[in-house]
Amino acid sequence: MNKFIKILPFILILVLLTVLFLLAFWIATYMSGFSNSDVILELLKISLATSAFVIALYTLFSKDTRLRANGENILVVLIVFITSNILLIFSFVLSKACYSEYPITTAVTIAAILLYLGSFLFLFKIFLNAYNQIYNLRTNKFVKYFKPIRIILDAVRPYKHYETKSVPRETNQDSFQLLRSHLRDHEIEELAKGGSILITGPPQRALFDPVFALMHERLTKGNETVNFVCADQHPYRLLELFKSKYTIPQSKHKDIVFIDAYSPSYSFFEDIQQENSRLLSDEGFECVRAKSFSGLHTAMTKAWNIIKSKEEQAGRGTRRPMIAIYAHTSALCEFESTEQFRIFWWHVIPSERSYGVITIILEDELSGEAILSCLKQRVDYVLKVDAADPTMDRGAQIQASRIK
């Protein structure tokens, strides 16, 4: 079975190429003129010029931080264009070698034309995706949010009330224990209605201690749901760290959705990370993958809907409150920019506050001033974790101090 899985991609490529050439041969039986060397030469000139245009596009996409996330797709298009060029060169050689009367020459030319046209359709889709990511911060629902269509829909459709309320959080003395030594009672009351906290400190494992403590308390005592974003390592690794300190009842697994923003960018399809994803699923946890900040925004919406669906299945008329944890989202800046990072948080923090979500953002001190200053400007509270012991495992000696 494993051997079959390894050769499956090659089988699929072979099948696609076979279908392509069968289609080309079928078209060749109804068309003529594509075996002429002069016609093929003109097609080759056009294809080569288009390839040069795509190379210039890739240069633009790789340098523009807003477009960088789509650079991989531009390279895919370029590879297909080059394949089309190779087929046209082969067809030209056949025509010059006196094979112009044979169907093979026409079929190869038509196959090149099909690849050429298909690449243009894919290129058009890339531009649509780039528009959606930059101006809508989404990777889905392009049609709905495309500006001309959005203007028409806003003008003709009736107003639809959107439910934002959740079950009120308890704010008695047993709740938010970690924060009570740093926040005043009225601040706890405000935070319970929706707010944001930045937790920062030395880059060590103990930095997760206050995050895990809040997560455990909200899951068990607060009976809340959790969306957990992991951008610098696989979610299963953080789940293991969490379980080394706290026990998660089986009944609470359905209340947690992980967003894996690490694997699509950094795992490069490594087997161990795919195994980690399987282990996460085997333990009953939902996981949504995300790439880029627009992809992360879309994935959070999917995670929200997963929880919403489960709440409805459980017969709850009003959803339970939620906490959203973002661990080192600045790791995605390697593929985009701090500008996109700022845009993401200028949207997400007020939005989640409006839904009554408590947003917990974790970024260590080495993330850089550009990252931390942006977050400090937007969040409601900032907690700095000071580790008395510099080793990785002495989390018990952690103390948080408020700096905002």
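So, here's what we can say about the structure. (Residues numbered from 1 in each chain as written. Predicted model: local features only at pLDDT ≥ 70, side-chain atom pairs only at ≥ 80, totals over all residues. Heavy atoms only, no water.)

Time to look at helix H9 (residues 235–243). All of the buried residues in H9 are Pro-235, Tyr-236, Leu-238, Leu-239, Leu-241 and Phe-242. Check the buried side of H9 and you find it contacts helix H8 (209–220), strand S2 (225–230), strand S3 (256–260), helix H11 (271–282), strand S4 (286–289) and strand S5 (322–327). (Buried < 20%, exposed > 50% of the residue type's maximum accessible area, 1.4 Å probe, protein only. Helix = DSSP H or I, 4+ residues; strand = E, 2+ residues; numbered from the N terminus. Contact = heavy atoms within 4.5 Å.)

Further remarks concern the pattern of salt bridges. Counted under the stated rule, the structure contains 20 salt bridges. For Arg-66, the salt bridge goes to Asp-64, with nearest N and O atoms at 3.5 Å. Among the residues examined, Arg-66 registers a relative accessible area of 32% and is labelled partly exposed. Several salt bridges converge on common partners, so that one network encompasses Lys-252, Lys-254, Asp-255, Glu-311, Arg-316 and Arg-320. (Salt bridge = Lys/Arg side-chain N within 4 Å of Asp/Glu carboxyl O.)

This next bit is on the packing of aromatic side chains. Under the definition given, this model contains 22 aromatic pairs. Measuring from ring centre to ring centre gives 5.0 Å for Phe-344 and Trp-345, while their planes differ by 80°; the resulting arrangement is edge-to-face. (Phe/Tyr/Trp six-rings, centres within 6.5 Å; stacked < 30°, edge-to-face > 60°.)

Let us look at a nonpolar patch on the surface. A grouping of Ile-11, Val-15 and Val-19 is seen on the molecular surface, where their side chains present a nonpolar patch of about 230 Å² in accessible area. Structurally, the position occupied by Ile-11 is in helix H1 (residues 2–28). The class for Ile-11 is partly exposed, based on a relative accessible area of 34%. (Patch = residues over 30% accessible without salt bridge, like charges linked within 9 Å, V, L, I, M, F, W, Y side chains within 5 Å. Areas by Shrake-Rupley, 256 points an atom, 1.4 Å probe, with all protein chains shown as cover.)

Okay, the environment of His-297 next. Within the secondary structure layout, His-297 lies in helix H12 (residues 292–313). Classification of His-297 by relative accessible area gives buried; the value is 11%. Measuring from C-alpha to C-alpha, the distance between His-297 and Arg-138 comes to 6.4 Å, with 159 residues separating the pair along the chain. Discounting chain neighbours no more than four positions away, the residues touching His-297 are Asn-136, Leu-137, Arg-138, Phe-344 and His-347. For His-297, the side chain forms a polar contact with the side chain of His-347, separated by 3.0 Å. (Polar contact = N/O pair within 3.5 Å; in protein donor to acceptor, adjacent residues only side chain to side chain.)

Turning our eyes to something else, we now look at the side chain of Asp-364. Position of Asp-364 relative to the elements: it lies in the loop between strand S6 (358–362) and helix H14 (369–378). Buried within the structure, Asp-364 lacks any salt-bridge partner; its nearest side chain of opposite charge belongs to Lys-384, at an N-O separation of 11 Å. Within the structure, Asp-364 has its side chain in polar contact with the side chain of His-328 (distance 3.2 Å). Once residues lying within four places of it in the same chain are set aside, the contact partners of Asp-364 are Thr-200, Gly-201, Pro-202, Pro-203, Leu-207, His-328 and Leu-372. (Lys, Arg positive; Asp, Glu negative; His and termini not counted.)

Let us look at the layout of surface pockets. Space inside the second largest pocket adds up to approximately 520 Å³. The wall of the second largest pocket is formed by 19 residues, among which Glu-72, Pro-264, Ser-265, Lys-291 and Phe-335 lie closest to the centre. Breaking the lining of the second largest pocket down by element, the ones donating at least two residues are helix H3 (71–99), helix H10 (263–267) and H12. Looking at the lining of the second largest pocket, its residues break down into seven nonpolar, seven polar and five charged. (1 Å grid on protein atoms, 1.4 Å probe; cavity = no way out; pocket = protein on both sides within 12 Å on 5 of 7 lines; lining within 4 Å. Points joined across faces, edges and corners; volume = space filled by probe spheres on them. Nonpolar A, V, L, I, M, F, W, Y, C, P; charged D, E, K, R; others polar.)

Moving on, we get to the packing of H12 against helix H13 (residues 338–354). Put simply, H12 and H13 touch, their axes get as near as 10 Å, and they point 20° apart. Relative to H13, H12 is oriented roughly parallel. The two elements H12 and H13 meet at a crossing, and its hand is right-handed. Side by side, H12 and H13 meet where Phe-293, Leu-296, His-297 and Met-300 of the first sit next to Gln-340, Phe-341, Phe-344, His-347 and Glu-352 of the second. Among the residues forming the contact of H12 with H13, the class breakdown is five nonpolar, three polar and one charged. (Axes fitted to C-alpha atoms, helices over the stretch in contact; angles between N-to-C directions. Parallel < 35°, antiparallel > 145°, perpendicular 65-115°, else oblique. Left-handed = near helix turned anticlockwise from the far one by under 90°.)

We now examine the pairing of S6. For S6, a buried count of five out of five residues is recorded, marking the element as mostly surrounded by other parts of the structure. Of the two faces of S6, the one lined by Ile-358, Ile-360 and Leu-362 and the one lined by Thr-359 and Ile-361 are each fully buried. Two strands pair when backbone bridges link them, and strand S1 (residues 195–200) and S6 are joined in this way by five bridges, in the parallel orientation. Looking across to S6, one finds that Ile-199 is bridged to Leu-362. With five bridges connecting them, S5 and S6 associate as parallel partners. Opposite Ala-324, over in S6, you have Thr-359 as the bridge partner. With respect to chirality, the unit in which S5 leads through H13 into the neighbouring parallel S6 is right-handed. (Pairing = 2+ DSSP bridges. Right-handed = clockwise from strand over helix to strand, strands pointing away.)

We now examine empty space enclosed by the protein. Within the structure shown, the criterion is met by one cavity of 30 Å³ or more. Counted as a void, the largest cavity has a volume near 50 Å³. Around the largest cavity sit Thr-225, Trp-304, Ile-307, Lys-308, Arg-319, Arg-320 and Met-322, which together line it. Among the elements that make up the lining of the largest cavity, the one with the highest residue count is H12 (three residues). Its residues assigned to classes, the lining of the largest cavity comprises three nonpolar, one polar and three charged.

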